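If you want the building blocks of each chain, they are given just below.
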Amino acid sequence: MKKYIFASTPIILGVLSFLIFMMKGSNVAPDGTLEEPFFLIPIGFLLLVIGFICVVGVALKSIIKKTQYVK
């Protein structure tokens, strides 16, 4: 069970980065430039992809290990 929690940590961090992006919002500076934490979007997507790959890898490894014990 700990391996799934460890593997899903990037997913949680990715969702948190999207939430922080939405809570922080964006505003327009007095000189007309847009200020927003845009860097959180690609970081969030990267963490989500890494997390899903880790969870699928751990699940496949667990399934393969269980089928080897049956033989």
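A quick note: this is a predicted structure, and the numbers were derived from the prediction, not measured.

Undergrad: I'd like to hear about the packing of aromatic side chains, residue by residue, with values.
TA: Under the counting rule described, the total for this entry stands at 1 aromatic pair. Arranged with centres 5.0 Å apart and planes meeting at 70 degrees, the rings of Phe18 and Phe45 form a pair that is edge-to-face. Linking Phe18 in helix α1 (residues 2–24) with Phe45 in helix α2 (residues 40–70), this pair joins segments that are 27 residues apart in sequence. For Phe18, a relative accessible area of 22% corresponds to the partly exposed category.

Undergrad: I'd love a proper account of α1, names of residues and values included.
TA: The terminal C-alpha atoms of α1, which comprises 23 residues, lie 32 Å apart, in line with the 33 Å expected from a rise of 1.5 Å per residue. Maximal helix bending in α1 amounts to about 35 degrees, located at Ser8; proline Pro10 follows within four positions. Taken together, the buried positions of α1 are occupied by Ala7, Pro10, Ile11, Gly14, Ser17 and Phe21. Once α1 finishes, Gly25 follows within two positions and takes phi at roughly 70 degrees, a positive value.

Undergrad: If you had to explain a nonpolar patch on the surface to someone new, which residues and values would you point to?
TA: Taken together, the side chains of Ile12, Leu13, Val15, Leu16, Leu19, Ile20, Met22 and Met23 define a hydrophobic patch exposed on the protein surface, amounting to about 790 Å² of accessible area. Turning to its location among the elements, Leu16 is positioned in helix α1.

Undergrad: So what's going on with the environment of Tyr4? Which residues, and what values?
TA: Positionally, Tyr4 belongs in helix α1. Distance in space between the C-alpha atoms of Tyr4 and Ile53 is 12 Å, their sequence separation being 49 residues. Among all residues touching Tyr4, those that are not within four sequence positions of it are Val58, Ala59 and Ser62.

Each value, and the rule that gives it
- Residues numbered from 1 in each chain as written.
- Predicted model: local features only at pLDDT ≥ 70, side-chain atom pairs only at ≥ 80, totals over all residues.
- Heavy atoms only, no water.
- Phe/Tyr/Trp six-rings, centres within 6.5 Å; stacked < 30°, edge-to-face > 60°.
- Helix = DSSP H or I, 4+ residues; strand = E, 2+ residues; numbered from the N terminus.
- Buried < 20%, exposed > 50% of the residue type's maximum accessible area, 1.4 Å probe, protein only.
- Expected span 1.5 Å × (residues − 1).
- Bend = angle between axes of the 7 residues up to and from the residue.
- Patch = residues over 30% accessible without salt bridge, like charges linked within 9 Å, V, L, I, M, F, W, Y side chains within 5 Å.
- Areas by Shrake-Rupley, 256 points an atom, 1.4 Å probe, with all protein chains shown as cover.
- Salt bridge = Lys/Arg side-chain N within 4 Å of Asp/Glu carboxyl O.
- Contact = heavy atoms within 4.5 Å.

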